[in-house]
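One letter stands for each residue in the lines below.
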Amino acid sequence: MTNNFMTSKQVAEFFNVTPQTVNAWARSGALKSVQLGPKTRRFLLVDILDYLHERVIGEGNGQAVVEVVD
């Protein structure tokens, strides 16, 4: 079974932002996350891809291409 969860650091690397930015997105509700403890979050891959589609591809710039290989 594959691990469909990512850490804040992994998500940050994916979007080329800081983990603090990712956590701010999560706190604001823009990016769904699972709170495991007071300072620990995990992000489902499907939620990250939804966020990407809504926020990046949805803007109509037509430049984002994502290929998910399982």
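Residues numbered from 1 in each chain as written. Predicted model: local features only at pLDDT ≥ 70, side-chain atom pairs only at ≥ 80, totals over all residues. Heavy atoms only, no water.

Draft legend 1. Just the sheet that holds strand β1 (residues 5–6), in detail. What the 3 strands build is an open sheet, ordered β1-β3-β2; its pairing is antiparallel. Across the chains shown, the open sheet's two edge strands, defined by having one partner strand only, are β1 and β2 (34–37). Summarising the sheet, β2 and strand β3 (residues 40–44) pair through 3 bridges and their orientation is antiparallel. Residue pairing for β3: G37 is matched across the bridge by T40. Against the sheet, helix α3 (residues 45–55) makes contact with β1 and β3, and its axis sits at roughly 70° relative to β3, the strand it touches most. (Pairing = 2+ DSSP bridges. Helix = DSSP H or I, 4+ residues; strand = E, 2+ residues; numbered from the N terminus. Contact = heavy atoms within 4.5 Å. Axes fitted to C-alpha atoms, helices over the stretch in contact; angles between N-to-C directions.)

Draft legend 2. How the structure looks around the environment of N4. Residue placement: N4 occurs in the segment before β1. Taking C-alpha positions, N4 is 9.6 Å from R42, a pair spaced 38 residues apart along the chain.

Draft legend 3. Structural detail: the pairing of β3. Of the two faces of β3, the one holding R41 and F43 is buried and the one holding T40, R42 and L44 is not buried anywhere. Pairing of β1 with β3, which is carried by 2 bridges, proceeds in the antiparallel orientation. Looking across to β3, one finds that F5 is bridged to L44. Adjacent in sequence and paired antiparallel, β2 and β3 are bridged by 2 residues. (Buried < 20%, exposed > 50% of the residue type's maximum accessible area, 1.4 Å probe, protein only.)

Draft legend 4. Examining the packing of aromatic side chains more closely. Within this structure, the stated rule accounts for 4 aromatic pairs. Each ring, one from F14 and one from F15, has its centre 5.0 Å from the other, and the planes form 90°; the classification is edge-to-face. A relative accessible area of 17% means that F15 is categorised as buried. (Phe/Tyr/Trp six-rings, centres within 6.5 Å; stacked < 30°, edge-to-face > 60°.)

Draft legend 5. Region of interest: the side chain of S8. Within the secondary structure layout, S8 lies in helix α1 (residues 8–15). The class for S8 is buried, based on a relative accessible area of 10%. Beyond its immediate chain neighbours, meaning those up to four positions away, S8 contacts P19, V22, N23, R41 and F43.

Draft legend 6. Representation of unusual backbone geometry within the structure. Positive phi outside glycine occurs at N16, with the angle close to 60°. Mapping N16 onto the fold places it in the loop between α1 and α2 (19–28).

Draft legend 7. How the structure looks around the nonpolar core. One finds M6, V11, A12, F15, V22, W25, A26, L31, F43, I48, Y51 and L52 forming the largest nonpolar core, which totals 12 residues. Apart from residues no more than four positions distant in its own chain, I48 is found in contact with M6, V11, F14, F15, L31 and F43. (Core = buried A, V, L, I, M, F, W, Y, C linked by side-chain atoms within 4.5 Å.)

Spatial relationships are all this shows, so hold off on functional conclusions.
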